[in-house]
Amino acid sequence: MNLDSFRSICDYVELDERNAAVVAEFRPLAEPHFESVVDDFYATIEAHAEARLVITGGREQVERLKGSLTDWLGSLLSGRYDQEYLDRHARIGRVHVRIGLPQHLMFTAMCRVRVHLTRIAALVLAHDPALQDEVTITVHKLLDLELAIMLDSYREDLSERQRAHERLATIGELAASVGHELRNPLGTMESSLYLMERLFDKLGVTDAQVHKHLQKVARQVEQCNGTITRLLDLARDRPPRREQVRLGEVLRETIARMDLPPTMGVSLDFDDRLQVWMDPAQIGLVMVNLIRNAGEASPGGVSVVIQATAEPGGVAIFVRDDGPGVPEQVRPHVFRALFTTRSQGTGLGLALATRIVEAHSGELTLERSAAGTVFRVWLPAPEHD
Ligand code: HEM
C-alpha cells in the first residue's frame, strides 16, 4: 500500500485532524493501562491452541512481543498518520507472513484490543462522555485501518513469496535439465583440452599463441562449469540441515574455496566465538552469492566486510561492500530471479540466497546505507523454528 492508497482509506473512514487530536489527548491517559491490554493479548494467544503454535521462541519471544505491542499501541494513538507510520505498520503484516500467522487470528486478536481500548476510554474519560464517544469512534477507525494495512502487506508479501517460489521452481527444473545436458559436452571439452596439451608437449609445440588459446578455452570451460554448478544449486531445493556452528569457521572455509581475484578483499569483523543455527553448506552458498555479487558490481576491485551480531531471537549477518551501491530504481528488483543489470551475472544468485535464508525462517534484506551495498541476513535462533 502506498501513501496515496493509505490516505484514500483514511478518507473513506473519515479519519480527520479532530480524530488525530482526540487520540493524542487520550494516549497519555491510556498509557498506564497498556500493560493490561498487552497481558490480555498474549494470555489469549497462550490459551488458544492454534495461536499458541505460532509462538515458537518461548518466554523470551513473548516478552519481546509484549514490548512490540506496547510500542505499537503508542504509535497507534500518536495522532500522526504519515509515511513513517505506514512503513512501520506495514512491516507487521510481513513479519506475520514470516512466522506463518493465519490471517483470521489477526482479526480475532484485533477484537481483543478493540474491546480493551474502548473499555479504557470509558474508564478514563467517564467525566467527559462527548470526548469518550469521539475517542471510541476514532479507535474503531484506527483499528480498522490497521487491519487494512496489515492484511494488505500480508497479502502482498505472501503472493510475492509464492510468485518467487514458483518462478524459482520453474527455473530450477529448467536449470537441472540444461545443467545436466551441458555437463557432458563440457567434460568432453576438458579432457580433449588436456589431451591436446599433452600432444602439443609431445610434438614440442612451443608456440605461445597456441598455449594462450588453449588457456583461453580452458578458462571459458571453467566459467561454464561454474554457471552450471550455480544452476544445479538452484535446482537442488532441499530443506536445511541445521546445526549450531561457529560462523567464523564456516565463512573462512567458504571464502578460501572461492578463489577470489586479488582485486577483491573479504574480511570478517565479529566475535570468532559467535555460533549460528544454520546449514553451513547452504549459508556458505548464500555468502558466496553475496560476495560474488559485490565483485560483479565492481569489476575494478572491491572490499567486503562481513559483520555479525547476536540479536534477540537470532543472529544478524551484514555483508558490506564499498562498491557503487544499488541504484534506487533497481532496489525493488534485486531479489527477483533472472533479474540482472550486468552482462556477466545470471540473475540467480540473490534469488537463490533468498530462498535458502527463507527456508531457515530468516530474512535477507538490502539495507539502506550512505555508501556501497549492505545486505543483512537474519537467521533465527533454534527455539524459533
Ligand atoms: C492485532 C493483531 C496484532 C498486532 C497489532 C500485532 C503486532 C505485532 C508487532 C508490532 C510485531 C513486531 C513487528 C516487527 O518486528 O516490526 C509483531 C510480530 C509478531 N507477532 Fe504479532 N500482532 C498481532 C497479532 C498476532 C497474533 C494473533 C500472534 C500469534 C498468534 C502474533 C505473533 C507474532 C509473532 C510471533 C511475531 C514475531 C516476533 C519476533 O519473534 O520478533 N501476532 N506483531
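Residues numbered from 1 in each chain as written. Predicted model: local features only at pLDDT ≥ 70, side-chain atom pairs only at ≥ 80, totals over all residues.

Draft legend 1. Representation of the overall build of the protein chain. Scanning the protein chain for helices and strands turns up 12 helices and 7 strands. The C-alpha radius of gyration of the protein chain comes to 27 Å, more than 25% above the 21 Å expected for a compact globule of 385 residues. Over its C-alpha atoms, taken along the principal directions, the protein chain stretches across nearly 105 × 40 × 35 Å. In the protein chain, once contacts between residues fewer than 6 apart in sequence are set aside, the share between residues at least 24 apart is 76%. (Helix = DSSP H or I, 4+ residues; strand = E, 2+ residues; numbered from the N terminus. Rg over C-alpha atoms; globule rule 2.2 N^0.38 Å. Contact = placed C-beta atoms within 7 Å.)

Draft legend 2. Fine view of the sheet that holds strand 6 (residues 363-366). Pairing within the open sheet is mixed, and its 5 strands lie in the order 2-4-5-7-6. Strands at the two margins of the open sheet, each flanked by one partner only, are strand 2 (264-269) and strand 6. For this sheet, the mean angle separating the axes of adjacent strands, direction not counted, is 15°. Across 6 bridges, strand 2 lies against strand 4 (residues 302-311) in parallel orientation. What sits directly across from Leu-268, in strand 4, is Ile-306. (Pairing = 2+ DSSP bridges. Axes fitted to C-alpha atoms, helices over the stretch in contact; angles between N-to-C directions.)

Draft legend 3. Quick look at the site of the ligand. Taken together, 23 residues lie around the ligand, and Ala-51, Ser-68, Trp-72, Ala-109 and Met-110 are the ones closest in. Elements with a minimum of two residues in the shell around the ligand: helix 4 (49-54), helix 5 (58-76), helix 6 (83-98) and helix 7 (103-124). For the shell around the ligand, the element with the most residues is helix 5, which contributes 6 residues. For the shell around the ligand, the per-class residue count stands at 16 nonpolar, 5 polar and 2 charged. (Near = placed C-beta within 6 Å. Nonpolar A, V, L, I, M, F, W, Y, C, P; charged D, E, K, R; others polar.)

Draft legend 4. Quick peek at helix 11 (residues 280-297). Along its 18 residues, helix 11 runs 26 Å from first to last C-alpha, staying within 8% of the 26 Å computed at 1.5 Å per residue. If you check which residues of helix 11 are buried, you get Pro-280, Gln-282, Ile-283, Val-286, Met-287, Asn-289, Leu-290, Ile-291, Asn-293, Ala-294 and Gly-295. (Expected span 1.5 Å × (residues − 1). Buried ≥ 20, exposed ≤ 12 C-beta atoms within 10 Å, placed from the backbone.)

Draft legend 5. Spotlight on the packing of helix 10 (residues 247-258) against helix 11. The geometry of helix 10 relative to helix 11 is characterised by a closest axis approach of 10 Å and an angle of 55° between their N-to-C directions. Here helix 10 lies oblique to helix 11, going by the angle between them. For the pair helix 10 and helix 11, the sense of crossing is right-handed. Of helix 11, the residues touching helix 10 (which contributes Val-250, Leu-251, Thr-254 and Met-258) are Pro-280, Ile-283, Gly-284, Met-287, Val-288 and Ile-291. Residue composition of the contact of helix 10 with helix 11, grouped by class: 8 nonpolar, 2 polar and no charged. (Parallel < 35°, antiparallel > 145°, perpendicular 65-115°, else oblique. Left-handed = near helix turned anticlockwise from the far one by under 90°.)

Draft legend 6. Highlighting the environment of Gly-57. Tracing the backbone through its elements, the reader meets Gly-57 in the loop between helix 4 and helix 5. Residue class for Gly-57 comes out buried when judged on the 21 C-beta atoms lying within 10 Å of it. With 324 residues separating them in the primary sequence, Gly-57 and Ala-381 have C-alpha atoms 8.3 Å apart.

Draft legend 7. Expanded view of the domain arrangement of the protein chain. When its domains are assigned, the protein chain resolves into domain 1 (3-160), domain 2 (165-235) and domain 3 (243-384). Distance between the C-alpha centres of domain 1 and domain 3: 34 Å. Residue-level contacts link 6 residues of domain 1 with 6 residues of domain 3. (Domains from an automatic or database assignment.)

Draft legend 8. Examining the environment of Asp-237 more closely. Following the sequence through the fold, Asp-237 ends up in the loop between helix 9 (208-235) and strand 1 (243-246). For Asp-237, a count of 14 C-beta atoms within 10 Å corresponds to the partly exposed category. When the C-alpha atoms of Asp-237 and Arg-355 are compared, they prove to be 8.7 Å apart, with 118 residues separating the residues in sequence.

Draft legend 9. Layout of the nonpolar core. Grouped together as the largest cluster of nonpolar side chains are 37 residues, with contacts concentrated most on Val-286, Leu-290 and Ala-353. Domain assignment of the residues forming this core places at least three in each of domain 2 (165-235) and domain 3 (243-384). For Ala-353, the residues in contact, after removing those within four places along its chain, are Val-286, Asn-289, Leu-290 and Leu-364. One finds Val-23, Val-38, Ile-149 and Met-150 within the second-largest nonpolar core, a separate group that totals 23 residues. (Core = buried A, V, L, I, M, F, W, Y, C linked by C-beta atoms within 7 Å.)

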